[in-house]
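Reading the structure
The residues making up each chain are set out below.
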Amino acid sequence: MIQFQHVFKRYPERGEALGGINFEVQTGELVFLTGHSGAGKSTLLRLIGLLERPSRGQVVVNGRNLLTLPRNQIPYHRRQVGMIFQDHRLLQDRSVFDNVALPLVVTGLGQKEIGRRVRAALDQVGLLKRERATPVALSGGEQQRVGIARAVVGRPPVLLADEPTGNLDPDLSREIFELFERFQYVGVTLMIATHDLALVNSMRHRTLTLDDGRLINDTGSW
Amino acid sequence: MRKARTPKLVELPGIWLGQHIQTIVATLGRLMDSPLPSSMTMAVIGISLALPAALFVMTENLRTMAGGWDQTAAISLFLKFEIDDQEAGRVADEVKTWSEITRVHLITREQALAEFRDLGGFEESLDKITKNPLPVVLTIYPGPAHSSPEQLEALQGKLMKRPEADFARMDTLWLQRFQAILDLIQSGSLLLGVLLGIGVLLIIGNTIRLEILNRRVEIEIMELVGATAAFIRRPFLYTGAWYGLLGGLTAWLLVTLATLLLQQPVSRLASLYRSEFQLSGLGFAATGLLLASSILLGLIGSLLAVNRHLRGAEPG
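Residues numbered from 1 in each chain as written. Chains lettered and ligands numbered in written order. Predicted model: local features only at pLDDT ≥ 70, side-chain atom pairs only at ≥ 80, totals over all residues. Heavy atoms only, no water.

All names here are of chain A. By size, the foremost hydrophobic cluster in this structure holds 38 residues, and its most contacted members are Val100, Val118, Ile148, Phe180 and Phe183. Those elements giving two or more residues to this core turn out to be strand 3 (30-34), helix 3 (96-105), helix 4 (111-124), helix 5 (140-152), strand 7 (158-162), helix 6 (170-185), strand 8 (189-193) and helix 7 (197-203). Taken domain by domain, this core gets at least three of its residues from each of domain 1 (1-80 + 157-222) and domain 2 (94-155). Residues contacting Phe183, with those up to four places away along its chain left out, are Gln124, Ile148, Val152, Leu159, Val188 and Leu190. (Core = buried A, V, L, I, M, F, W, Y, C linked by side-chain atoms within 4.5 Å. Buried < 20%, exposed > 50% of the residue type's maximum accessible area, 1.4 Å probe, protein only. Helix = DSSP H or I, 4+ residues; strand = E, 2+ residues; numbered from the N terminus. Domains from an automatic or database assignment. Contact = heavy atoms within 4.5 Å.)

Further remarks concern unusual backbone geometry. Trans peptide bonds make up most of the peptide bonds, and negative phi angles are found at most residues other than glycine. All names here are of chain A. Its identity as a non-glycine residue notwithstanding, Asn62 has a phi of 50°, on the positive side. The residue Asn62 is located in the loop between strand 4 (56-61) and strand 5 (64-65) in this model. On the basis of relative accessibility, which here comes to 32%, the residue Asn62 falls in the partly exposed class. The phi dihedral of Glu163 falls on the positive side, at around 50°, and the residue is not glycine. By secondary structure assignment, the location of Glu163 is in the loop between strand 7 and helix 6.

What follows covers the pairing of strand 7 of chain A. Residues and elements named next belong to chain A. Where burial is concerned, most of strand 7 is hidden: five out of the five residues are buried. Burial along strand 7 is two-sided: the face carrying Val158, Leu160 and Asp162 and the face carrying Leu159 and Ala161 are both buried. Sheet analysis places strand 6 (residues 81-85) next to strand 7, joined by five bridges and oriented parallel. Across the sheet, Val81 pairs through a bridge with Val158, a residue of strand 7. Of the strand pairs in this sheet, strand 7 and strand 8 are connected by five bridges, and their pairing is parallel. Along strand 8, the bridge assignment pairs Ala161 with Ile192. (Pairing = 2+ DSSP bridges.)

So, about the interface of chain A and chain B. Taken together, the contacts link 34 residues of chain A with 26 residues of chain B. Between chain A and chain B, the buried area comes to about 2600 Å², and carbon and sulfur atoms account for 57% of it. The largest per-residue losses of area from chain A upon contact with chain B belong to A:Arg71, A:Val106 and A:Arg155, which jointly make up 22% of the total buried on that side. Notably, a salt bridge pairs B:Glu218 with A:Arg94, separated by 2.6 Å at the nearest N-O pair. At the junction of chain A with chain B, the criterion picks out three residue pairs in polar contact (both at pLDDT 80 or more). Tallying contributions element by element places helix 2 (residues 74-78) of chain A first for the side of chain A that touches chain B, with four residues. (Buried area = accessible area lost by both parts, 1.4 Å probe. Salt bridge = Lys/Arg side-chain N within 4 Å of Asp/Glu carboxyl O. Polar contact = N/O pair within 3.5 Å; in protein donor to acceptor, adjacent residues only side chain to side chain.)

On to the domain arrangement of chain A, then. Residue and element names in this part refer to chain A. Examined at the domain level, chain A breaks down into domain 1 (1-80 + 157-222) and domain 2 (94-155). Here domain 1 and domain 2 have C-alpha centroids that lie 23 Å from each other. Between domain 1 and domain 2, the residue contacts involve eleven residues of the former and twelve residues of the latter. Counting the surface domain 1 buries against domain 2, the share from its top three residues, Arg79, Leu179 and Phe183, is 43%. Counting across the domain 1 and domain 2 interface gives zero salt bridges. Put simply, domain 1 and domain 2 have two residue pairs in polar contact (both at pLDDT 80 or more) between them. In terms of residue class, the side of domain 1 that touches domain 2 is made up of nine nonpolar, no polar and two charged. (Nonpolar A, V, L, I, M, F, W, Y, C, P; charged D, E, K, R; others polar.)

Pairs of aromatic rings are described using the distance from one ring centre to the other and the angle between the two planes. Going through the model one piece at a time under the given rule, you end up with four aromatic pairs over all chains. Between A:Phe4 and A:Phe23, the aromatic rings sit 4.7 Å apart at their centres with planes inclined by 15°, giving stacked as the arrangement. Placement of A:Phe4 in strand 1 (residues 2-11) and of A:Phe23 in strand 2 (residues 15-25) is noted, with a sequence separation of 19 residues between them. Accessibility assignment for this pair places A:Phe4 and A:Phe23 in one class, buried. Within the aromatic cluster, the residues linked to one another by ring pairs are A:Phe32, A:Phe177 and A:Phe180. The side chain of B:Arg103 reaches across the aromatic face of B:Tyr141, ending 4.1 Å from its centre. (Phe/Tyr/Trp six-rings, centres within 6.5 Å; stacked < 30°, edge-to-face > 60°. Lys NZ or Arg CZ within 6 Å of the ring centre and 35° of its normal.)

Our next topic: the sheet that holds strand 3 (residues 137-142) of chain B. Residues and elements named next belong to chain B. What the four strands build is an open sheet, ordered 2-3-1-4; its pairing is antiparallel. At either margin of the open sheet sits one strand with a lone partner, and together these are strand 2 (101-107) and strand 4 (165-170). Neighbour-to-neighbour, the strand axes of the sheet open up by a mean angle of 20°, direction not taken into account. As paired elements, strand 1 (residues 75-79) and strand 4 share five bridges and run antiparallel to each other. Looking across to strand 4, one finds that Phe78 is bridged to Phe167. Packing against the sheet, helix 3 (residues 85-96) makes contact with strand 1, strand 2 and strand 3, and its axis sits at approximately 170° to strand 2. (Axes fitted to C-alpha atoms, helices over the stretch in contact; angles between N-to-C directions.)

Residue and element names in this part refer to chain B. Applying the stated criterion to the full structure yields 22 salt bridges over all chains. A salt bridge links Arg90 to Glu87; its shortest N-O distance comes to 3.7 Å. Of this pair, Arg90 and Glu87 both sit in helix 3, three residues apart, which is roughly one turn of the helix. In this structure Arg90 comes out as exposed when scored by relative accessible area, which is 53%.

Residue and element names in this part refer to chain A. It is the contact of helix 3 with helix 5, at a shortest axis distance of 7 Å, that shows an interaxial angle of 30°. Here helix 3 lies roughly parallel to helix 5, going by the angle between them. Between helix 3 and helix 5 lies a crossing whose hand is right-handed. Contacts from Val96, Asn99, Val100 and Pro103 of helix 3 reach helix 5 at Val146, Ala149 and Arg150. Looking at the contact of helix 3 with helix 5, its residues break down into five nonpolar, one polar and one charged. (Parallel < 35°, antiparallel > 145°, perpendicular 65-115°, else oblique. Left-handed = near helix turned anticlockwise from the far one by under 90°.)

Below is the structure:
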C-alpha cells in the first residue's frame, strides 16, 4: 500500500531531513513510527500525504507514484489519505458536525448522505451526542477524536497520524490507540508517528524507528 | 473495507450545479453575516459606478432635448425690405443653381406675417400696424457635404455679398456646437467610467484578498482534506460577483433616486419653455449594461485576487 524507495528530503534551511529511506507497508498493516523529535517522522508522513514532495526517490501510495502525480490530482490523492495531527487542525468557529463533514462537502456529496456518514463517523469515536458543539467546548481528547472522525469519514484506505496523543494522558492515549486498532481490523492501512514508547511496546505492532533522517530499525510484522 | 464511493458520470452535472447553487447562497449568507463592512464596500462600489451612470443619463437627456430641435444646417437670408415676392423668387431660383445648395424655401411677406401672428401675444400690436413690416426670407439648405461650420460661414459670406441681401443668419451652428460639446462630455464620462471601473476592480480585488487572508486556516484545512483548487476558489469568485451586483444595484438606486428628485423641477423648467420634455432615467438596456458590467468587474476583481493568493495545494 505504501512504498518508499531511496527517499531523500532536504530542506534548504535545515539540511537533510530524510536520507535514503526504504520500506514497504502492506494493506491493512498498522505501523508505528518512532524516534526522537526532529528524526524525520513528520516529514515522512507529510511525503505520504503529499504535503511535500521528496527531493529524491520514489513514494508510491495505493499504486500512485507521487513523484509523477500532477498537481491537479493532489486533492484526489488526499481524499485517499486521512490525516490526523497533534494540534487537531479543527475549524474553531464551526460545529463538530461541520468539521467532520468537510472532507465530504469538498467532494460534492449530497446533504443526506453527508449527514448519515458524519453521524456514523462520530458514532465510531463516541461523540455522536456532541455534534452541535464547537471544538472550544471540547476536551483535548474529544477534539482529537473529532480530528479522527474527520480523517475517517471519507473512508480512505490509508490513515496517517502525527503524534495523535502528544497532549493526552496515558488512559486517553490508550483509548485513541485502541480506536486505531479498530480501523485496522476493517482493512485500513495506518501509520502512526509517536514517541510514546511505553504504549508502542505494549501494543505489538510493526514499528519503524528513525534516527536523524535514517531508518535504523524495522521490527517487521508481528 | 469499502472504498469511498465515486460518483457515477450521470450524477456529475447535478453535483456540479448543486455545488454552485449552494455556493451562491452561502456566499450571500456570509455577506449578510457582516452587514456593516459589506454594505460599506457596496456603497463605495455603488457611488463609483453611479458617477459615470449619472453622466450618461444627463447627456442622454440633453441629446433627447436637442433632438427635438431641427438639426439640418440652414441659413436664413433676410432680403432687403424693398425686394418684393416676385423679385425674391428670381433670387431663389438663382441661388438654387449653386452647387452647394440642395433646397431653397421662400417665405413670402404674407406668410411671415401669418406665422408671426400664430406665435401668439402679438395680435394686438399687429392689428395696429397697417403695413406689413416683415421682409421676404429665403431659407437656404446646403447639402450635407457643405454643412461644416466653416463651409456654412463661407456660404453666409457669399450670400451677404448679394445686393438684395439684408443679412444672413445661421440657425443651426450653435446646435452643432452643442452636439459637439455633448459628444465631448460623453467621451469624458466613458473615460471616467473606465477609470472608476478600474477603481472598482481594485476595491473588490482588495476586499477578496483580505477575505482570503482571513480564511487562511480554513483554506489550508480544506486543501488538507482534498478540496480541489476550483472548490476553494469558487466562493471567493461568487463573493466578488455579489459585491459587483450589489454595487451595481446601489448605483442604479442612486441614479434613479436622483432622476426622481429632479423630475419635478425639470418639468417645470421645460413648461416655461413650452416644451413637453420629460427627464428619463436609466433605461432597460442601460440598466442591464450597468448590472452586467458591475458583475463582470466583481468577477474580474476577485479573479485577480484569487489568482494571486490562491494557488491550490502545493507540496513543498
